[in-house]
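Residues per chain are reported as follows:
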Amino acid sequence: MAAFSYKAMTKDGRRVDGTVQATDRRGALAAVRKLGHTPLSVSEAGGAAAAKKRKGAGGGAESIWNMKIGGHADTMTQMEVLLFTSELADLLEAGMTLGQALGCLANQGDEDSAQHVVAQDLCQRIVNGEAFSDAVAHHPKSFQPLYANMIRAGEASGAMVGVLRRLVEHYERTDSMKAKIKGAMTYPLFVLVFGIGAVIAAMTFIIPRFKAVFAKLGGQLPAPTLLLMNMSDFMVAYGWILALVAAAGVVLFRQWARTPAGRAKVDGWKLRAPLISGIVACGAYSSLAFTLQTLLTNGVNVLQALKIAENTCDNAVIGQALATARKRVTDGTSISGPLAASGAFPRMMTDMLAVGEQAGSLSSSLGHIGFRYQKDMDRNIAKFTTALGPLMIGLISIGVGFIAYAIVSAVFAMSSHIGR
């Protein structure tokens, strides 16, 4: 048996400290719960294990805690945030206080997990009297600005569980749209990579062997075969230079694309490029509509909602249009006019917004807009996969066909030369 020190919350919300005897940390957690408390943290008090832990971490549990907060262990993925929010809503609905629910979530999983680190920090801030929205804002890598503002609206309205449920719906919709777009890109990219790899292998390994055979046979090679042989020689001699140049080009392009000007150019190209423009645009419009609906439904004012939507928008062009529209919103209520004046949004979308504003059901109109463009995105994804697959196969077939034609024409030419 070993001694474990604990920090816990009582049923009436008070914070207590103490020690319990247990064989391991899991047993210590169970012992604290038997006392009727909700454990916030449990650690071994003294002993070789604790000394070893302090020595390895550089001095106590607090230094370990600071190390985790300063590193990447305090960053949850979007899926982890979704599960965290759903479980938090369930615990609050079951009657737990916010501190108790966060303490319960902190004790789930490993101590090194992001949820444990984030939930324990949130719980500690709540115990110290900090508002939940302010505590969430201290973890911007895990929680988007939308999350903190939604929580703030829930605190003001007293409908925290409802706000958390809407956040779960928002994250589920966003994750579904991203999964659909990634799924649409997977097959064409696989075909492209496989085709390019096949052509490179043929040019660097197969063609040089045919060249040696043709050189032994003698005779004049056809023009397509000569072109193919010269291309193969160039690939063998300077292929590594081409690979380095291509890698450097990709790195430089990605760095440029991260700059404000580069991102605006790339995102503008995405909205105009054939095949993918419909997917990107409809996905952005749908996400924007659902984000604004979620914020406005929970009492966030129009100007603040537009600011949050601008910060969470994945497309720089649409984000800039939102920034311009936000400056034009003078009365704080109407957004259809400024969005239409920006020229970045389709007429159908702004007209539906105007109708919703006139009828006093802007939130409902935003929901209809979101579902409409979500369906349009699904249709564009289907068109994309239907059109791009054959297109990629056709382009690869042209390359492979040229190689085959050059080889076969040379074989016939050498056969004729041998026959004479």
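You'll find the structure just up there.
Residues numbered from 1 in each chain as written. Predicted model: local features only at pLDDT ≥ 70, side-chain atom pairs only at ≥ 80, totals over all residues. Heavy atoms only, no water.

### Notes on the pattern of salt bridges
All told, the structure shown has 10 salt bridges when counted by the stated rule. Across the pair glutamate 93 and arginine 165 runs a salt bridge, and its minimum N-O distance is 2.7 Å. One end of the pair, glutamate 93, is in helix α4 (residues 78–93); the other, arginine 165, is in helix α9 (residues 160–217), and 72 residues separate them in sequence. On the basis of relative accessible area, glutamate 93 is assigned to the exposed category, the value being 54%. Under the relative-accessibility criterion, arginine 165 is labelled partly exposed at 27%. Between lysine 211 and aspartate 233 there is a salt bridge whose closest N-O contact spans 2.6 Å. Of this pair, lysine 211 sits in helix α9 while aspartate 233 sits in helix α10 (residues 223–258), and the two are 22 residues apart along the sequence. Judged by relative accessible area, aspartate 233 falls into the partly exposed class, the value being 33%. Each of the salt bridges in this network shares a partner with another, and the network as a whole consists of Asp90, Glu93 and Arg165. (Salt bridge = Lys/Arg side-chain N within 4 Å of Asp/Glu carboxyl O. Helix = DSSP H or I, 4+ residues; strand = E, 2+ residues; numbered from the N terminus. Buried < 20%, exposed > 50% of the residue type's maximum accessible area, 1.4 Å probe, protein only.)

### Things to note about the nonpolar core
Phe84 and Tyr147 are the most contacted members of the largest nonpolar core, which totals 74 residues. In contact with tyrosine 147, other than residues within four places in its own chain, are Val81, Phe84, Thr85, Val136, Leu164, Leu167 and Tyr171. (Core = buried A, V, L, I, M, F, W, Y, C linked by side-chain atoms within 4.5 Å. Contact = heavy atoms within 4.5 Å.)

### Digging into the environment of alanine 354
On the secondary structure map, alanine 354 appears in helix α16 (residues 347–359). Classification of alanine 354 as partly exposed rests on a relative accessible area of 22%. Once the C-alpha coordinates of alanine 354 and serine 365 are considered, the two residues, 11 residues apart in sequence, prove to be 8.9 Å apart.

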